[in-house]
Amino acid sequence: MENSYVLTIEDKEKQFHELRLCFCGHSICQPEHSFGPSVRPVYILHYILEGKGQYHLDGRTYTLGPEQGFLIEPNVMTSYEADHAEPWTYLWIGFEGSCAQKLLGQMGLSHRTPTFSASCGAQLIAIVKNMMESECKGLEHELYIQAQVYQFFACLSHDLSDRANVFQQEKQNYYVRAATEFIQENYADDIKVQDIADYVGISRNYLSTLFQNILQVSPNAYLANFRLTRAKEQLTITDLSISTIADMCGYHDPLVFSKAFKLKIGMTPTQYRKTDREKQRMSIKQLRQKKDL
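Described in the following lines is the structure provided in the data block.

Criteria and cut-off values
Residues numbered from 1 in each chain as written. Predicted model: local features only at pLDDT ≥ 70, side-chain atom pairs only at ≥ 80, totals over all residues. Heavy atoms only, no water. Helix = DSSP H or I, 4+ residues; strand = E, 2+ residues; numbered from the N terminus. Rg over C-alpha atoms; globule rule 2.2 N^0.38 Å. Contact = heavy atoms within 4.5 Å. Lys, Arg positive; Asp, Glu negative; His and termini not counted. Charge placed at Lys NZ, Arg CZ, Asp CG, Glu CD. Core = buried A, V, L, I, M, F, W, Y, C linked by side-chain atoms within 4.5 Å. Buried < 20%, exposed > 50% of the residue type's maximum accessible area, 1.4 Å probe, protein only. Expected span 1.5 Å × (residues − 1). Arc of directions from axis to C-beta. Phe/Tyr/Trp six-rings, centres within 6.5 Å; stacked < 30°, edge-to-face > 60°. Polar contact = N/O pair within 3.5 Å; in protein donor to acceptor, adjacent residues only side chain to side chain. Salt bridge = Lys/Arg side-chain N within 4 Å of Asp/Glu carboxyl O.

Broken down by element type, the protein carries 9 helices and 10 strands. Here the protein has a C-alpha radius of gyration of 30 Å; the compact-globule value for 293 residues is 19 Å, and the former is much larger. With the C-alpha coordinates aligned to their principal axes, the bounding extent of the protein is approximately 95 × 50 × 30 Å. Summarising the internal contacts of the protein: among those between residues at least 6 apart in sequence, 72% fall at separations of at least 24. Each charge class in the protein was averaged separately, 30 positive and 34 negative side chains, and the resulting centres sit 18 Å apart.

So, about the nonpolar core. By size, the foremost hydrophobic cluster in this structure holds 31 residues, and its most contacted members are L45, F95, M131, F152 and L156. A total of 7 residues in this core trace back to one element, the largest contributor, which is helix 3 (residues 138-186). Judged by nonpolar contacts, the second largest core, of 20 residues, contains F182, Y187, F211 and L223.

What follows concerns helix 2 (residues 121-133). With 13 residues, helix 2 extends 18 Å between its outermost C-alpha atoms, agreeing within 8% with the 18 Å of an ideal straight helix rising 1.5 Å per residue. For helix 2, the full list of buried residues reads G121, L124, I125, I127, V128 and M131. One face of helix 2 carries all of its buried residues, which in axial projection span an arc of 155°. Structural note: helix 2 exposes A122 and E133 on the side pointing more than 90 degrees away from its buried face.

What describes a pair of aromatic rings is the distance from one ring centre to the other and the angle between the planes of the rings. Within the structure shown, the criterion is met by 21 aromatic pairs. Look at F70 and W88: their rings are 5.9 Å apart centre to centre, the planes differ by 25°, and that puts the pair in the stacked class. Placement of the pair is F70 in strand 7 (residues 68-72) and W88 in the loop between strand 8 (77-82) and strand 9 (89-96), with a sequence separation of 18 residues. F70 gets classed as buried once you look at its relative accessible area, which sits at 0%. You can call W88 buried: its relative accessible area is 1%.

Now for the side chain of H46. Relative to the helices and strands, H46 resides in strand 4 (residues 43-50). Among the residues examined, H46 registers a relative accessible area of 2% and is labelled buried. Within the local environment of H46, its side chain forms a polar contact with the side chain of Y80, the two groups lying 3.3 Å apart. Contacts of H46, omitting those with residues within four sequence positions, involve Q68, G69, F70, I72, Y80, Y90, L91, W92 and F116.

Further remarks concern the environment of V128. With respect to the helices and strands, V128 occurs in helix 2. Sequence-wise, V128 and F35 are 93 residues apart; in three dimensions their C-alpha atoms are separated by 21 Å. Ignoring sequence-local partners within four residues, the contact set of V128 consists of C24, G25, L91 and F152.

A few words on the environment of Y90. Positionally, Y90 belongs in strand 9. Residues Y90 and N225 lie 135 residues apart in sequence; the distance between their C-alpha atoms is 54 Å.

What the rule picks out here adds up to 7 salt bridges. Across the pair R277 and D239 runs a salt bridge, and its minimum N-O distance is 3.0 Å. Here R277, found in helix 9 (residues 269-292), pairs with D239, found in the loop between helix 6 (219-237) and helix 7 (242-248); they are 38 residues apart in sequence, far enough to count as distant.

Every α-helical turn comprises 3.6 residues, leaving residues that sit three or four positions apart pointing alike. By the burial criterion, the buried members of helix 5 (residues 204-214) are L207, L210 and F211. Relative to the axis of helix 5, the buried residues are bounded by an arc of 100° and lie together on one face. The exposed residues of helix 5 that point more than 90 degrees off its buried face are N205 and N213. Positive backbone phi, approximately 55°, marks Q216, located one or two places after helix 5.

Have a look at this one:
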């Protein structure tokens, strides 16, 4: 069981399309009080004021306490329950709108990162109580509630701004890591930068920006460097023909391969192989001389 205090906004009051309140409230839960598994039609943010509990999502369990919270997304199966020894007291706000998902993403909240920590509990509970206790009527009430909704997110975003920056950096690193893995697995094929961007799921321009910012090289240059590095290895450890190695490394024209190799390495593939083999012979000769001493 739980002692709940709830405000529900009627449909006729939902005229704000970008972000609008559906309901809000706060509860004092009894030990092991649970909700779900269930699917909710709107976004819901819970913030824990006291006590502990667990949130379950996609087989994952999050144990949470004071000054922490969790996100429930629309049409996603979730459940949660209060701790048996220290049951939680929490507030919640249900909302929807065309910018809701974007707003949550800017604060670093998503299906992958559904929990958060914030120290603004006093402000948040005050805002929820203001909405629940408002005596305004008509349009004044609608505008007052809307102002409180934005104030709620303003307080929360203040505490989550650093987290959002970290989340954004993690996402950018993920894109670059996925792109480099795609290159390493498909460099022998006739792939282009657009193919890499399509695989990662971002625009070509954004992919180029991320590569420059994180790796200090363009995607095209990274691809070429990787291919030529593999070519050097093949020239060193095999006796395969230049044309065969070129084809293995994504260059289906041996002449184009030779020009690219010379531009990057400073000598042709044939010269590189000859020089490398000579270095190997000299190394073996020196090693034998040392053994004879």
